[in-house]
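# Breakdown of the fold
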Amino acid sequence: MSSEIRDRYVFAPSAQAALPVRGTDRLFPVRRIYCVARNYAAHAVEMGADPTRELPFFFQKNPDNLVLDGLFPYPSATSDLHHEIELVVALAGGGRDIPAGRALDHIYGYAVGLDMTRRDLQNEAKQHGRPWEAGKAFEHSAPCSPLVPASEIGHPSAGRVALSVNGELRQKGDLDQLIWKVPEIIAYLSGLFELAAGDLIFTGTPSGVGPVRRGDLLEGSVEGVGTFAVRVV
Ligand code: MN
């Protein structure tokens, strides 16, 4: 660290969270992580919610919750830790009130992510009308694959989304089942928040979520984007 930085801050600033870009030695610096809830009808039903197209709603994780080394440490304070496989969108630009028709222009690329969830704490929060952070935004709660630039793969709007645990298929859906499509998500989010380069959006999970245990191997895939594996330790 330079002496200038050492002199300016009262302690060393945290490291910049970042995702590797597949096939390169470059990093995508992460600014914020937004997550869409209940964006596949079959998952909304399994969560006891109405699958009709109500307005989307969002929660956030923290950039330093990202896990890139393939190891997911089982978290504290839960006995019902769930996997949620999701398409992740990475923004190269942002702004406010982005029209859906221009939304794809702001996308840098895509990744495969896991929205790991302390379901017991999330359910308790829902029952009491409390925020979801304890269920969603804990340490290591966002394992994510390297990013793949849209310049290489385009903008996937259909394709299988799947997750297996120890070789057994648990979650299966298709991007064409997203209730709110990626351009609509960006348009709606940008009416609530000022989006910017570095923002990630977890777009929601298909049905089949369930608990994991230490030692489990989670293998996720989004057709056209990639695959990745995480070991629960
Ligand atoms: Mn989710």
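So, a few notes on the structure that sits alongside this text. Since the model is a prediction, treat every value here as computed from it, not as a measurement.

Attention shifts here to the coordination of the manganese ion. Taken together, Glu84 (OE), Glu86 (OE) and Asp115 (OD) make up the protein donors of the manganese ion, found 2.0 to 2.1 Å from the metal. Spacing between the donor residues of the manganese ion along the chain follows E-x1-E-x28-D. Highlighted residues: Glu86 in strand β8 (residues 85–91) and Asp115 in the loop between β9 (107–114) and β10 (117–118), separated in sequence by 29 residues. The class of Glu86 is buried, set by a relative accessible area of 1%.

The subject of this paragraph is the side chain of Arg119. Considering the arrangement of structural elements, one finds Arg119 in helix α3 (residues 119–128). Using a relative accessible area of 3% as the deciding quantity, one classes Arg119 as buried. Those residues within four positions of Arg119 in sequence are excluded, and the remaining contacts are His43, Met47, Asp80, His82, Glu84, Lys136 and Val209.

Take the sheet that holds strand β15 (residues 200–202) next. Read from one edge to the other, the open sheet built from six strands follows the order β4-β3-β15-β8-β9-β12, with strand pairing classed as mixed. A strand with exactly one partner marks an edge of an open sheet, and here the two such strands are β4 (58–61) and β12 (148–149). Note that strand β3 (residues 33–36) and β4 share four bridges and pair antiparallel. If you follow Tyr34 over to β4, its bridge partner there is Gln60.

The strand order β10-β7-β16 describes an open sheet built from three strands, whose pairing is antiparallel. Strand pairing shows two members of the sheet lacking a second neighbour, β10 and β16 (210–211), which therefore form its edges. Strand direction decides the pairing type here: strand β7 (residues 81–83) and β16, joined by two bridges, are antiparallel. Residue His82 lies in a different strand from β16, and its bridge partner there is Pro211.

Next up on the list: the pattern of salt bridges. Taken as a whole and assessed by the stated rule, the structure comprises eight salt bridges. A salt bridge links Lys136 to Glu84; the shortest N-O distance between them is 3.4 Å. Highlighted residues: Lys136 in helix α4 (residues 133–136) and Glu84 in the loop between β7 and β8, separated in sequence by 52 residues. Classification of Glu84 by relative accessible area gives buried; the value is 4%. Across the pair Glu194 and Arg96 runs a salt bridge whose closest N-O atoms are separated by 2.9 Å. Of the two residues, Glu194 is situated in the loop between α6 (182–192) and β15 and Arg96 in the loop between β8 and β9; the sequence distance between them amounts to 98 residues. Judged by its relative accessible area of 40%, Glu194 falls in the partly exposed class. Ionic contacts of the salt-bridge type, sharing partners, join the residues Lys61, Glu84, Asp115, Arg119 and Lys136 into one network.

How each quantity is defined
Residues numbered from 1 in each chain as written. Predicted model: local features only at pLDDT ≥ 70, side-chain atom pairs only at ≥ 80, totals over all residues. Heavy atoms only, no water. Donors = N, O, S within 2.8 Å, 3.2 Å for Na, K, Ca; no water. Helix = DSSP H or I, 4+ residues; strand = E, 2+ residues; numbered from the N terminus. Buried < 20%, exposed > 50% of the residue type's maximum accessible area, 1.4 Å probe, protein only. Contact = heavy atoms within 4.5 Å. Pairing = 2+ DSSP bridges. Salt bridge = Lys/Arg side-chain N within 4 Å of Asp/Glu carboxyl O.

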